[in-house]
Amino acid sequence: MTWDRSGNPLTNIITWLDRRGLEIINKFPYSIMRRLPLLGSILIPTSPVAQILWLLGNRQDLAQRIRKGEAFIGTLSSYLAYLVSNRYINDASNEALTGLWHPGNLRRIDLVYELLGIPREVGPEVIDNVHELGEVDGMKVGVLIADQQAAMVGEGCLSVGCGKVTNGTGSFMDAVVDEFKLVGGGLLPLLILKYGGNVFYGVEGFLPATGSVIDWLVRLGLLSSPQELDGLAHVDTQGIVVIPALAGVNVPPRPCARGLIDGLTLSTTREPL
């Protein structure tokens with residue numbers, strides 16, 4: 001999202017479920033660049049870089065204000081940090097996912113800025129996850145961290161080999177590794193936690209739409225509410241297989257994939273479906 005110096009939002013929030021990133025990565029020259037090893041994990045539809053490129057390309061007024069330092073663009077975490085601290089900052093775990101800051105050497109990736117034509121003004125100061133940001137209504141704010149990473153820290157999942165599944169709108173599988181790694185195959189490098197000289201790394205694979213499929217079923221009228229599923233937990237599914245690719249698939253990288261329901265017969269009823 002973008003905001004001005006007074007902290008007023010200038011755009012709506014663009015979430016990782018938004019598919020406008022496809023418009024960017026399928027357009028020349030990005031369609032060629034995404035084949036390069038460096039950009040393969042950055043130029044994906046769900047990447048903040050793709051959303052930043054869309055905003056810069058479709059809102060020239062914002063692009064000019066950002067270059068003049070009159071407006072800022074960043075992840076929701078950097079916006080919240082701005083509201084608390086009045087500084088253009090972001091924590092290491094969130095900034096590492098933008099594709100503009102390298103979680104391995106902890107520096108800006110100059111080549112990405114140059115190749116993609118992103119102004120250097122797009123780049124908040126990166127802080128540790130444990131950091132005194134300021135106060136809100138008398139409450140001190142001293143931690144800023146991404147959601148799946150926060151779940152891993154909360155569960156004490158920081159040792160190599162530990163894995164954590166976080167389920168919400170999508171489903172995220174995170175595993176701890178001993179150092180920064182570009183694994184490929186749709187898996188994303190992860191900076192789990194940074195404080196002082198301590199940095200914990202991981203890799204992540206995720207399916208964009210899982211919990212959101214339940215909302216979809218409610219909209220279709222197949223479910224009256226999510227709570228109805230409680231009574232269907234032990235129903236025989238009769239061999240029906242559902243691939244919930246309603247927002248593409250990330251592992252393996254198939255952003256244009258579509259959802260699939262297989263195994264339907266004339267005897268299929270609403271409950272197993």
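Basis of the calculations
- In this numbering scheme, every chain counts its residues from 1 along its sequence in written order.
- Owing to the predicted nature of the model, reporting of local features is limited to residues with pLDDT of at least 70; listing and counting of side-chain atom pairs is limited to 80 or more, with chain, interface and lining totals taken over all residues.
- Side-chain metrics in this entry use all non-hydrogen atoms of the structure; hydrogen atoms and water are not considered.
- pLDDT is a per-residue confidence score from the predictor, ranging from 0 to 100.
- Secondary structure elements are defined from DSSP: runs of H or I of at least 4 residues count as helices, runs of E of at least 2 residues count as strands, and each element is numbered from the N terminus.
- Classification of ring pairs uses Phe, Tyr and Trp, with its six-membered ring standing for Trp, and accepts pairs whose centres are within 6.5 Å; under 30 degrees between planes counts as stacked, over 60 as edge-to-face, and the remaining range as tilted.
- Buried residues are those whose accessible area, probed at 1.4 Å on protein chains only, stays under 20% of the maximum for their type, while exposed residues exceed 50% and partly exposed ones sit between those limits.
- To sit over a ring, a charge needs its Lys NZ or Arg CZ within 6 Å of the ring centre and within 35 degrees of the ring normal.
- Think of it this way: DSSP has to see at least two bridges between two strands before they count as a pair.
- Axis definition: a line fitted to C-alpha atoms, over the contacting stretch in the case of helices. Angles run 0 to 180 degrees between N-to-C directions.
- For this analysis, residues touch if any pair of their heavy atoms sits within 4.5 Å.
- Salt bridges are identified by distance alone: a Lys or Arg side-chain nitrogen within 4 Å of an Asp or Glu carboxyl oxygen.
- Oblique is the label for every angle not falling under 35 degrees (roughly parallel), over 145 degrees (roughly antiparallel), or within 65 to 115 degrees (roughly perpendicular).
- As a working rule, the residues Ala, Val, Leu, Ile, Met, Phe, Trp, Tyr, Cys and Pro are called nonpolar, Asp, Glu, Lys and Arg charged, and the rest polar, with Gly in that last group.
- Pairs of N or O atoms within 3.5 Å make up the polar contacts considered here, provided that, within protein, one atom can donate a hydrogen while the other can accept it, and that residues adjacent in sequence are counted only when both atoms are side-chain atoms.
- Points on a 1 Å grid, built from protein atoms alone, make a cavity when a 1.4 Å probe fits but cannot get out and make a pocket when they are open with protein on both sides within 12 Å along at least 5 of 7 lines; residues with an atom within 4 Å of a point are the lining residues.
- Grid points are joined across faces, edges and corners, and a volume is the space filled by probe spheres set on the points.

### Describing the confidence of the model for the protein
Here's step 1: With 100% of its residues at a pLDDT of at least 70, the protein reaches an overall mean of 93.
Here's step 2: For the protein, per-element mean pLDDT is lowest for helix 1 (residues 20-25), which scores 88, and highest for strand 3 (residues 89-91), which scores 98.

### A look at the packing of aromatic side chains
Here's step 1: Here the structure, examined in full by the defined rule, presents ten aromatic pairs.
Here's step 2: Look at Trp3 and Tyr79: their rings are 5.3 Å apart centre to centre, the planes differ by 55°, and that puts the pair in the tilted class. Here Tyr79 lies in helix 5 (residues 76-85) and Trp3 lies in strand 1 (residues 2-4), a separation of 76 residues in the sequence. Comparing Trp3 with Tyr79 shows no difference in burial state: the two are buried.
Here's step 3: Geometrically, the ring pair formed by Trp3 and Tyr88 is edge-to-face, given 6.1 Å between the ring centres and 70° between the ring planes. Here Trp3, found in strand 1, pairs with Tyr88, found in the loop between helix 5 and strand 3; they are 85 residues apart in sequence, far enough to count as distant. Here Trp3 matches Tyr88 in class, with each residue buried.
Here's step 4: Through pairs of rings, three or more aromatic residues link up here, namely Trp3, Phe72, Tyr79, Tyr82 and Tyr88.
Here's step 5: Sitting over the ring of Trp54, Arg20 keeps its end group 4.3 Å from the ring centre.
Here's step 6: Taking the ring centre of Tyr113 as reference, the NZ or CZ of Arg120 above it sits at 4.5 Å.

### Points about the sheet that holds strand 11 (residues 188-195)
Here's step 1: Strand order in this open sheet of four strands is 9-10-12-11, and the pairing throughout is antiparallel. Of all strands in the sheet, those with a lone pairing partner are strand 9 (163-167) and strand 11, marking the two edges. Neighbouring strand axes in the sheet, compared pairwise and without regard to direction, differ in orientation by 30° on average.
Here's step 2: Two elements, strand 10 (residues 171-177) and strand 12 (residues 198-207), share seven bridges in a ladder whose sense is antiparallel. Counterpart to Val177 in the pairing with strand 12 is Tyr201.
Here's step 3: Sitting on the sheet, helix 8 (residues 147-154) touches strand 9, strand 10, strand 11 and strand 12, and the angle it makes with strand 11 is about 60°.

### Looking at the pattern of salt bridges
Here's step 1: Applying the stated criterion to the full structure yields ten salt bridges.
Here's step 2: Linking Lys181 and Asp178 is a salt bridge whose minimum nitrogen-to-oxygen distance equals 3.4 Å.
Here's step 3: A relative accessible area of 34% places Lys181 in the partly exposed class.

### Quick word on the packing of helix 3 (residues 48-58) against helix 4 (residues 60-67)
Here's step 1: At their nearest, the axes of helix 3 and helix 4 sit 5 Å apart, and the two run at 105° to each other. One finds that helix 3 runs roughly perpendicular with respect to helix 4. Residues Leu56, Gly57 and Asn58 of helix 3 form the contact with helix 4, whose participating residues are Gln60, Ala63 and Ile66.
Here's step 2: Of the residues that constitute the contact of helix 3 with helix 4, the class distribution is three nonpolar, three polar and no charged.

### Thoughts on the environment of Gln238
Here's step 1: By the element assignment, Gln238 lies in the loop between helix 9 (211-220) and strand 13 (241-243).
Here's step 2: When the C-alpha atoms of Gln238 and Glu228 are compared, they prove to be 19 Å apart, with ten residues separating the residues in sequence.
Here's step 3: If sequence neighbours within four positions are ignored, Gln238 has contacts with Ser267, Thr268, Thr269 and Pro272.

### Thoughts on helix 3
Here's step 1: When you tally the buried positions in helix 3, you get eight out of eleven residues, the bulk of the element.
Here's step 2: Residues of helix 3 that are buried in the fold lie against strand 1, helix 1, helix 2 (30-33), helix 4, strand 2 (71-73) and helix 7 (110-116).
Here's step 3: With a side-chain oxygen positioned 3.1 Å from the backbone nitrogen of Val49, the residue opening helix 3 is Ser47.

### Description of the layout of surface pockets
Here's step 1: Here the second largest pocket is characterised by a volume of approximately 570 Å³.
Here's step 2: Every residue lining the second largest pocket is counted, 25 residues in all, and those nearest its centre are Leu217, Leu229, Val242, Pro272 and Leu273.
Here's step 3: The element contributing the most residues to the lining of the second largest pocket is helix 9, with five residues.
Here's step 4: For the lining of the second largest pocket, the per-class residue count stands at 20 nonpolar, three polar and two charged.

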